[in-house]
Amino acid sequence: MAIKLKAAEAVTLPLNQILEGDCIAAMNGLPAASIDLIFADPPYNLQLKGDLHRPDNSLVDAVDDHWDQFSSFAAYDKFTHDWLAAARRLLKPNGAIWVIGSYHNIFRVGAALQDQGFWLLNDVVWRKSNPMPNFRGKRLTNAHETLIWASKEEASKYTFNYEALKALNDGVQMRSDWVLPICTGHERLKDAAGDKAHPTQKPESLLHRILLATTNPGDVVLDPFFGTGTTGAVAKMLGRDFIGIEREEIYRQAATERLSRVRRFDATGLETTGSKRAEPRVPFGQVVERGMLRPGEELFSLGNRFKVKVRADGTLIGNDVKGSIHQVGAALEGAPSCNGWTYWHFKRDGKMVPIDILRQQIRAEMEADQAGLPH
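Residues numbered from 1 in each chain as written. Predicted model: local features only at pLDDT ≥ 70, side-chain atom pairs only at ≥ 80, totals over all residues. Heavy atoms only, no water.

Undergrad: Talk me through the overall build of the protein chain; I want residue IDs and the actual numbers.
TA: Summing up its helical and strand segments, the protein chain has 12 helices and 15 strands in all. In the protein chain, buried positions account for 45% of the 375 residues. A separation of at least 24 residues holds for 65% of the contacts in the protein chain among residues at least 6 apart in sequence. Total accessible area computed for the protein chain in this model is approximately 20,000 Å², and 51% of it derives from carbon and sulfur atoms. (Helix = DSSP H or I, 4+ residues; strand = E, 2+ residues; numbered from the N terminus. Buried < 20%, exposed > 50% of the residue type's maximum accessible area, 1.4 Å probe, protein only. Contact = heavy atoms within 4.5 Å. Areas by Shrake-Rupley, 256 points an atom, 1.4 Å probe, with all protein chains shown as cover.)

Here you go:
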């Protein structure tokens, strides 16, 4: 359902709704510091002059809509400055923004982001696995678009679900070049005539990766150029709230119908791999203090190659090396670093047990205490 929002009515957020009208006016009517993440797919200002034809002289369905046309670069820059200013006002102190564009506009948008005070975190290249060919043969095939990810401030503690993104990438750290297909097939929305409902509809896979990486369930995601609602559809599936802004009635209708068909994933499906950094820190000394390991007790390395003893202050000593569980492991292995929690083991009933089991036990007790549960 599309609604008009006036500044005086902006007491509470119109969650999971599409606002109609100009994006700048609509954003200025929303409460300040109320949004966790903004995804923006603004007009690219493609500057197309005349029709584009394939070698067989058939017409290419290019982006020539009125909303993508600006009288000059100066006019486009003013528009960019104004909507970014409105967007920055809406972000929470630890909020962030994603902006996508092509070579026609992304460099101007990047400069405007910095001018507004945003702090650039990454630029991401979306490499299209199935790009549209260059029919004229006078340039390289334009096979990618660029996304800029920026936090509201340099000091913002923005959301980044590193472990979840790594798990999505088959256990390998996610890079800044993403190979994903453009929106085709069953995902591409069509109008009554069978034509594209929107010329630049983004694939759900792209928004899935962005929202999984930089939001959490329950976060509020704003899309000021909502189009046919890809951001809203993925946000709904992933248990995030969304606010869309779209001035074109035909796109609002398509988005509303699309969103009515989207189901939210169940609670189990919304769970993701958490960051180890978010877990409570447990010093190894606590293990010793609580008698889970005794001073003088022996620890053994992976493969049983090295043996050390636990000291009363939570350090280890062995082979003339002493220090923390991490320092001693690194020194004995001749490595720059070592995760002592997974490297060192103790013996119980003839079996080798990683000391990390003891840390997890303490963490479970800490979480139970916070929740007021017995343990």
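Undergrad: Hey, could you go over the pattern of salt bridges for me, with residue numbers and the actual values?
TA: Counted under the stated rule, the structure contains 17 salt bridges. The partner of Asp 41 in a salt bridge is Lys 202, with the nearest N and O atoms 2.8 Å apart. Pair noted here: Asp 41 is in the loop between β3 (35-40) and α2 (73-90) and Lys 202 is in the loop between β7 (177-180) and α5 (204-214), with a separation of 161 residues, a long-range link. Look at Lys 202 and you get buried, because its relative accessible area is 5%. Each of the salt bridges in this network shares a partner with another, and the network as a whole consists of Glu 20, Glu 249 and Arg 252. (Salt bridge = Lys/Arg side-chain N within 4 Å of Asp/Glu carboxyl O.)

Undergrad: I'd like a rundown of helix α7 (residues 249-260), residues and numbers included.
TA: For α7, with 12 residues, the first-to-last C-alpha span of 17 Å sits near the 16 Å given by 1.5 Å per residue. Every buried residue of α7 is listed here: Tyr 251, Arg 252, Ala 254, Ala 255, Arg 258 and Leu 259. Buried residues of α7 fall within an arc of 165° about the axis and therefore sit on the same side. Looking at α7, the residues exposed on the side facing more than 90 degrees away from the buried face are Ile 250, Glu 257 and Ser 260. (Expected span 1.5 Å × (residues − 1). Arc of directions from axis to C-beta.)

Undergrad: Describe the pairing of strand β9 (residues 241-246), listing the residues and the values that go with them.
TA: The buried count for β9 comes to five of six residues, which makes it a mostly enclosed element. The sheet contact formed by strand β2 (residues 17-20) and β9 spans four bridges and is parallel. Considered in β9, the bridge of Glu 20 is made with Glu 246. Relative to β9, strand β8 (residues 220-223) runs parallel, the two being bridged by four bridges. What sits directly across from Val 220, in β9, is Asp 241. Taken together, β8, helix α6 (residues 230-237) and β9 constitute a β-α-β crossover, and its handedness is right-handed. (Pairing = 2+ DSSP bridges. Right-handed = clockwise from strand over helix to strand, strands pointing away.)

Undergrad: Please give an account of the pairing of strand β15 (residues 351-354) that cites residues and values.
TA: Sheet topology note: the strand β14 (residues 345-348)/β15 ladder contains four bridges and is antiparallel. The residue of β15 that forms the bridge with Lys 347 is Met 352. The hairpin formed by β14 and β15 contains two residues between the paired strands, and Asp 349 there has a positive phi angle of roughly 55°.

Undergrad: Which residues make up the side chain of Asp 223, and what values do they have?
TA: Counting through the fold element by element, Asp 223 comes out in strand β8. The buried charged residue Asp 223 lacks any salt bridge partner; its closest oppositely charged side chain belongs to Arg 258, at an N-O distance of 8.9 Å. A distance of 2.7 Å separates polar atoms of two side chains, one belonging to Asp 223 and the other to Thr 231. Apart from residues no more than four positions distant in its own chain, Asp 223 is found in contact with Phe 39, Thr 231, Ile 243, Gly 244 and Ile 245. (Lys, Arg positive; Asp, Glu negative; His and termini not counted. Polar contact = N/O pair within 3.5 Å; in protein donor to acceptor, adjacent residues only side chain to side chain.)

Undergrad: Give me the lowdown on the packing of aromatic side chains, citing residues and values where you can.
TA: Tallied over the full model, the rule gives 11 aromatic pairs. On the numbers, 5.7 Å between centres and 10° between planes, the contact of Phe 226 with Phe 242 is stacked. In this pair, Phe 226 sits in the loop between β8 and α6 while Phe 242 sits in strand β9, placing the two residues 16 residues apart along the sequence. Judged by relative accessible area, which is 3%, Phe 226 ranks as buried. By relative accessible area, Phe 242 is classed as buried at 4%. (Phe/Tyr/Trp six-rings, centres within 6.5 Å; stacked < 30°, edge-to-face > 60°.)

Undergrad: Any details on the environment of Gly 229? Residues and values, ideally.
TA: Note that Gly 229 resides in the loop between β8 and α6. Once the C-alpha coordinates of Gly 229 and Glu 204 are considered, the two residues, 25 residues apart in sequence, prove to be 9.8 Å apart. When near neighbours in sequence (up to four residues on either side) are disregarded, Gly 229 contacts Ala 255, Arg 258 and Leu 259.

Undergrad: Mind laying out the confidence of the model for the protein chain, listing which residues take part and the relevant values?
TA: Averaged over all residues, the pLDDT of the protein chain equals 85, while 87% of them reach at least 70. Predicted confidence is poor over residues 6-10, with pLDDT under 50, and the contacts of this stretch with residues over four places away or in other chains come to seven contacts. Below pLDDT 50 for its whole length, residues 48-55 participates in 16 contacts with residues either more than four positions away or in separate chains. (pLDDT = per-residue confidence, 0-100.)

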